[in-house]
Amino acid sequence: MSVLTRTEIAGRIMVALDYANAESAEGLLKQLEGIPCFVKVGMQLFYAAGPSFVASLKTRGYKVFLDVKMHDIPNTVKGGAESVTRLGVDVFNVHAAGGKQMMEAALEGVDKGLASGSTRPIVIGVSQLTSTSQSVLNDEIGLAGTTEQAVIRYARLAHAAGLQGVVASPLEVTAIKSACGDGFVTVTPGIRPAGADVGDQSRIMTPAEALAQKTDYVVIGRPITGAADPRAAIEAIIDSIV
Ligand code: C5P
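Structure report, in brief. Quantities reported herein were computed from a predicted structural model and do not represent experimental measurements.

A tally of helices and strands in the protein chain yields 11 helices and eight strands. The globule rule puts the C-alpha radius of gyration for 242 residues at 18 Å, and the 17 Å found for the protein chain is close to it. Projected onto its principal axes, the C-alpha positions of the protein chain cover 45 × 40 × 35 Å. Burial statistics for the protein chain: of 242 residues in total, 47% are counted as buried. Put simply, 64% of the contacts in the protein chain that link residues at least 6 apart link residues at least 24 apart. When the accessible surface of the protein chain is totalled, it reaches about 11,000 Å², and 53% of it is carbon and sulfur. Taken as two groups, the 21 positive and 24 negative side-chain charges of the protein chain have centres that lie 4 Å from each other.

Aromatic rings considered in pairs are described by the distance between their centres and by the relative angle of their planes. For the structure on display, the rule yields one aromatic pair. Geometrically, the ring pair formed by Phe38 and Tyr217 is edge-to-face, given 5.2 Å between the ring centres and 65° between the ring planes. Of this pair, Phe38 sits in strand β2 (residues 38-42) while Tyr217 sits in strand β8 (residues 217-220), and the two are 179 residues apart along the sequence. Like Tyr217, Phe38 is buried.

Residue placement: Asn93 occurs in strand β4 (residues 91-95). For Asn93, a relative accessible area of 0% corresponds to the buried category. Side-chain polar atoms of Asn93 contact the backbone nitrogen of Lys69, separated by 2.8 Å. Look past the residues within four positions of Asn93 in its chain and what remains in contact with it is Phe65, Leu66, Asp67, Val68, Lys69, Met70, Ile124, Val126 and Val167.

Counting residues in each nonpolar core, the largest one holds 62 residues, and the members touching the most others are Ile13, Leu17, Val41, Leu66, Phe92, Val94 and Ile234. Broken down by element, the residue count for this core peaks at six residues, all from helix α7 (residues 147-161). Not counting chain neighbours up to four residues away, the residues in contact with Val41 comprise Leu17, Phe46, Phe53, Val54, Leu57, Val64, Phe65, Leu66 and Asp67. Formed by 11 residues, the second largest nonpolar core is a distinct cluster that contains Met14, Val91, Val185 and Val187.

Bringing the environment of Ser24 into the picture now. Relative to the helices and strands, Ser24 is located in helix α2 (residues 22-31). For the pair Ser24 and Leu45, spaced 21 residues apart in the sequence, the C-alpha separation amounts to 9.7 Å.

The rules behind the values
Residues numbered from 1 in each chain as written. Predicted model: local features only at pLDDT ≥ 70, side-chain atom pairs only at ≥ 80, totals over all residues. Heavy atoms only, no water. Helix = DSSP H or I, 4+ residues; strand = E, 2+ residues; numbered from the N terminus. Rg over C-alpha atoms; globule rule 2.2 N^0.38 Å. Buried < 20%, exposed > 50% of the residue type's maximum accessible area, 1.4 Å probe, protein only. Contact = heavy atoms within 4.5 Å. Areas by Shrake-Rupley, 256 points an atom, 1.4 Å probe, with all protein chains shown as cover. Lys, Arg positive; Asp, Glu negative; His and termini not counted. Charge placed at Lys NZ, Arg CZ, Asp CG, Glu CD. Phe/Tyr/Trp six-rings, centres within 6.5 Å; stacked < 30°, edge-to-face > 60°. Polar contact = N/O pair within 3.5 Å; in protein donor to acceptor, adjacent residues only side chain to side chain. Core = buried A, V, L, I, M, F, W, Y, C linked by side-chain atoms within 4.5 Å.

So yeah, pure geometry; function would need other evidence.
Below, the structure written as structure tokens:
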């Protein structure tokens, strides 16, 4: 049982528009018309369709998470953050692995890009990618400890830099909130409705389980975009939570 209304639940679902071009993304948007969910534009679509596509989403009233995971020297990230703030995105992210100074520079870029009257975007850190296995972390990247320890360290660093949250696995939400506070936003991919194809995700939770962990947003891609009837798929997800 959830205390959230259907509209509130929809507002906490970020649909991943993982498409090769604007036309394909528009096809999905048409099917989801009227559902007040977030849309997530990742690097595939952004590099193909560009800032004008994002600007057009904003003109049409969509809430947009621009998932381009910036990671560069602080001055460059500052410029990138300024540009995406000008586009009017609601949420964007930077890699916590870029360090505190880089994350602080992103926030300075936001300050520069804010026009009078525009809403400040939420800047979140990418903690350890959910695709990073224990052996990749230890043997390839060279970080000691468990992936959960890495996630919590990155979350604390993002928090100390002034970011408002992190992207992480739903399994890490409780530990992140206890380290950084309940108000520290968590955005969680790795979501699969009961019985859905897991694909390349591991360490998954259902949408209802993830929201029960008190995650703020669930990112859902293929269970919606790959469904024969995407609208029925998102409605069923909402029904599973109400
Ligand atoms: O299709 P699926 O539901 O697996 O899509 C998940 C989305 O979340 C994809 O756009 C993927 O890039 C993104 N993501 C992720 N794991 C992360 C960060 C982002 O799956 N750690």
